[in-house]
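Single-letter residue listing:
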Amino acid sequence: VPSPIRPTVPERATLPERTGVESAAPVRGALWLPLGGLANHLLGRGGALIPAYGLNKAVAPGGTATYRFTIWPRYQATHRVWLLAFRLTTGYGSMTFTDPSSGASSWTVAFSASQHLRIYEHIETISSRTSAETAIAPTLANAVTASASVTVAWIACYEIARPELAVDADDLGIDLSTLDSGTPVYDDAGKSAGGLAARLTDCRDVARRNSQYQFARNATDALEASTGSFVELLGHRPVFLEQFWYRSETTASVLVRLYVSADSATAGEIRLTMDSGATTTITVPSASAGEWRTGTLACDVEDLSAADGRRSTRWDRCTVEGRVTAGAGKVYLHSISIGRRAS
Amino acid sequence: MASHSEHGAFVRGLGATLLDADDPCDASATRDAAVNNLRHLHDEAGQIIVNLGLGAGERYEQSDPSATVYRLLDGLYPFRFPLRRKPNGDSYTIVPYLRGSISTGVATVTYIVQLSLAADGIHAPVIVTSSTPSLASGTTTSTSDGAIALSPTGIYLPSAAIDASPGAYRRFDSLRADGSMGGAEVLWALLTVWAISTQTGSKPRVSQFYAREYIGA
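Starting afresh in each chain, residues are numbered from 1 along the sequence in its written order. The order in which chains are written sets their letters, starting at A; the order in which ligands are written sets their numbers, starting at 1. Restriction of local features to residues with pLDDT of at least 70 applies here, the model being predicted, together with a cutoff of 80 or more for giving and counting side-chain atom pairs; totals for whole chains, interfaces and linings are based on all residues. Values shown for side chains rest on all heavy atoms present in the structure; no hydrogens or waters enter the calculation.

Undergrad: Quick one: what's the story with the interface of chain B and chain A, residue by residue and with numbers?
TA: Buried accessible area, meaning the area lost when the parts come together, often serves as the stated size of an interface. Residue contacts follow a heavy-atom distance rule, with two residues in contact if any of their heavy atoms lie within 4.5 Å. Each partner contributes residues to the interface: chain B has 91 residues there, and chain A has 100 residues. Here the buried area means the combined drop in accessible surface, using a 1.4 Å probe, for two parts upon being joined, counting both sides. The contact between chain B and chain A buries some 7,800 Å² in all, and 58% of this surface belongs to carbon and sulfur atoms. For the chain B face of the interface with chain A, the top three residues by lost area are Arg 31, Leu 38 and Tyr 77 of chain B, together amounting to 10%. Salt bridge, as used here: a side-chain nitrogen of Lys or Arg that lies within 4 Å of a carboxyl oxygen of Asp or Glu. At the junction of chain B and chain A, the tally comes to six salt bridges. With its nearest N and O atoms 2.6 Å apart, the salt bridge here joins Glu 121 of chain A to Arg 170 of chain B. Runs of E in the DSSP output that reach at least two residues are strands. Runs of H or I that reach at least four are helices, and both are numbered from the N terminus. Mapped by element, the contributors of at least two residues to the side of chain B that touches chain A are α1 (28-43), β1 (48-53), β4 (79-82), β5 (93-102), β9 (169-175), β10 (181-197) and β11 (204-214) of chain B. The greatest single-element share of the side of chain B that touches chain A, amounting to ten residues, is contributed by α1 of chain B. Side-chain classes follow a simple rule in which Ala, Val, Leu, Ile, Met, Phe, Trp, Tyr, Cys and Pro form the nonpolar group, Asp, Glu, Lys and Arg form the charged group, and the remainder, Gly included, forms the polar group. Here the residues of the side of chain B that touches chain A are counted per class, giving 44 nonpolar, 23 polar and 24 charged.

Here it is in structure tokens:
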């Protein structure tokens, strides 16, 4: 039951009925109140920042690994939950995770014959909330005193839902008490019918802040290309399938962010090609010490008439390739961040 | 049923100045568009849960396969995530995509993708039937990596199963509107890949796993 005084975030959406929108039907709280609740749900439910991605890379005793991601956060989120899967086959390690807000957690990871499944959670209290695209670089360190390398199997991160939102220009909450039956209709930020209507585009913008794909490795494990011909860098071709927004669209443009570097006097290119045909090529600057490069790429959008949402029964997969265009050294791909749709 | 919105897509043209103080808020077209667009956003609110693969030549493999019980693959441990629910109480459908192979020899490997509540713990599935909509399965006999045809193509948790599980919701700290610390209720779920091989010398392998929430089906 929505709070009468605060913009609560329902855990489950209630869909407003369309029966209240026929021409000449009166404006009713029975329509607007569920609309406000649904808007708060869409704004405050959090979501995936980093879909689980595979690493299977070890951190040696005394070693530190830095994983760089570009994320598209929701301002509404105040906390994140990081999920880290570790594996080792002998001995023990002591892993310390430091989140982007500089909070840290430590765990002892030990092998036993009956249990080598280790999944750890870390709750990050976000120190600097923003809705702007952000580059983050959490780290994992294995203690010098550890007796074994610890393999990081996979990493994922979710923004945690809010129980309530503030009615301000950042949280964008809707004051449900101003939408109930018998209340006056007016236009004010986050209040009444006018305030709700003004939030519609905000709801859409927040809804697209999930990521399609994240892949990040420590610099020592970066993917590399050393020839003048394109070579495939990943051992898999990740699937991208974007939200369907507008009638008749079959593809949509997603944001591409690559963290790259290059050896001295060496430059190159990274090319992403979808099975559906779209492609984008991103330059690796000469002798880059490490930087984010940007682009866009078109991929399939969901087909809501299909049982599994695929368009044309196709999994639209992305081939990631790299090559050297100048110099005798190598170019490196550390991270791939694929956002939700660009527009 | 694949779409909750009347028009099955966004209605364009709803700007921030809609329903300003002097505008008629009873215009049915305006209300129709507002209802349609929020319902469509709800349809498209699904998350990408897993989009996982490794570098060239790398794969997840079962180090200790069994011919009698389903087991996990090394490193491909259950994925925890906040599962979303539809208005009817069922979870969003999870659509999985899996690629795999056997390491060597002649054998049949059967994979199962299982959706479960974290509160219920990790337990190997026994059998897939039409009455267990939270499991999908597929097989391979090939030593070459390829897509596994999973059936059904989407899995979900029925409303009754969620509501019957004590502790299905987990409470995470999160801020209230006034800045004080409150608790957000999150349906905490697991997505797990299991495998079994008819020959223990032929190890199940997985090169890629992808799963997303989808309103349809």
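Undergrad: Tell me about the side chain of His 334 of chain A, and name the residues and values.
TA: All names here are of chain A. Among the secondary structure elements, His 334 is positioned in strand β19 (residues 331-341). Relative accessibility thresholds used throughout: buried, under 20% of the residue-type maximum; exposed, over 50%; partly exposed, between the two (1.4 Å probe, protein chains only). In this structure His 334 comes out as buried when scored by relative accessible area, which is 8%. If we ignore the near neighbours within four places in the chain, the residues touching His 334 are Phe 215, Ala 216, Arg 217, Ala 219, Ala 222, Tyr 259, Val 260 and Ser 261.

Undergrad: Kindly report on the sheet that holds strand β6 (residues 104-110) of chain A, identifying the contributing residues and their values.
TA: All names here are of chain A. Following DSSP output, two strands are said to pair if at least two bridges run between them. Strand order across the open sheet formed by four strands is β2-β9-β5-β6, with antiparallel pairing between neighbours. Edge positions in the sheet fall to β2 (64-66) and β6, since each has one partner strand and no second. Strand-to-strand twist across the sheet, computed as the mean angle between neighbouring axes with direction ignored, equals 20°. Every angle, taken between N-to-C directions, lies between 0 and 180 degrees, and every axis is a line fitted to C-alpha atoms, over only the stretch in contact when it is a helix.

Undergrad: Explain the sheet that holds strand β16 (residues 279-284) of chain A to me, using residue names and the numbers behind them.
TA: In spatial order, the strands read β13-β18-β15-β16 (chain A); together these four strands make up an open sheet with antiparallel pairing. Of all strands in the sheet, those bounded by a partner on one side alone are β13 (231-232) and β16 of chain A.

Undergrad: Before we move on, could you go through empty space enclosed by the protein and cite the residues and values that matter?
TA: Detection works on a 1 Å grid of protein atoms alone, calling trapped sets that fit a 1.4 Å probe cavities and calling open sets with protein on both sides within 12 Å along at least five of seven lines pockets, with lining residues defined by an atom within 4 Å of a point. Grid points are joined across faces, edges and corners, and a volume is the space filled by probe spheres set on the points. One pass over the structure, following the stated rule, counts four cavities of 30 Å³ or more. Considered as a void within the structure, the largest cavity measures approximately 150 Å³ in volume. Forming the boundary of the largest cavity are 20 residues, of which Arg 45 and Ala 161 of chain A together with Pro 82, Arg 84 and Val 186 of chain B lie nearest the centre. For the lining of the largest cavity, the element with the highest residue contribution is β10 of chain B, accounting for three residues. By residue class, the composition of the lining of the largest cavity is ten nonpolar, four polar and six charged. Considering only enclosed or pocket space, the second largest cavity measures out at about 90 Å³ in volume. Broken down by secondary-structure element, the contributors of at least two residues to the lining of the second largest cavity are α1 (29-44) and α2 (192-207) of chain A. Classifying every residue of the lining of the second largest cavity gives four nonpolar, three polar and three charged.

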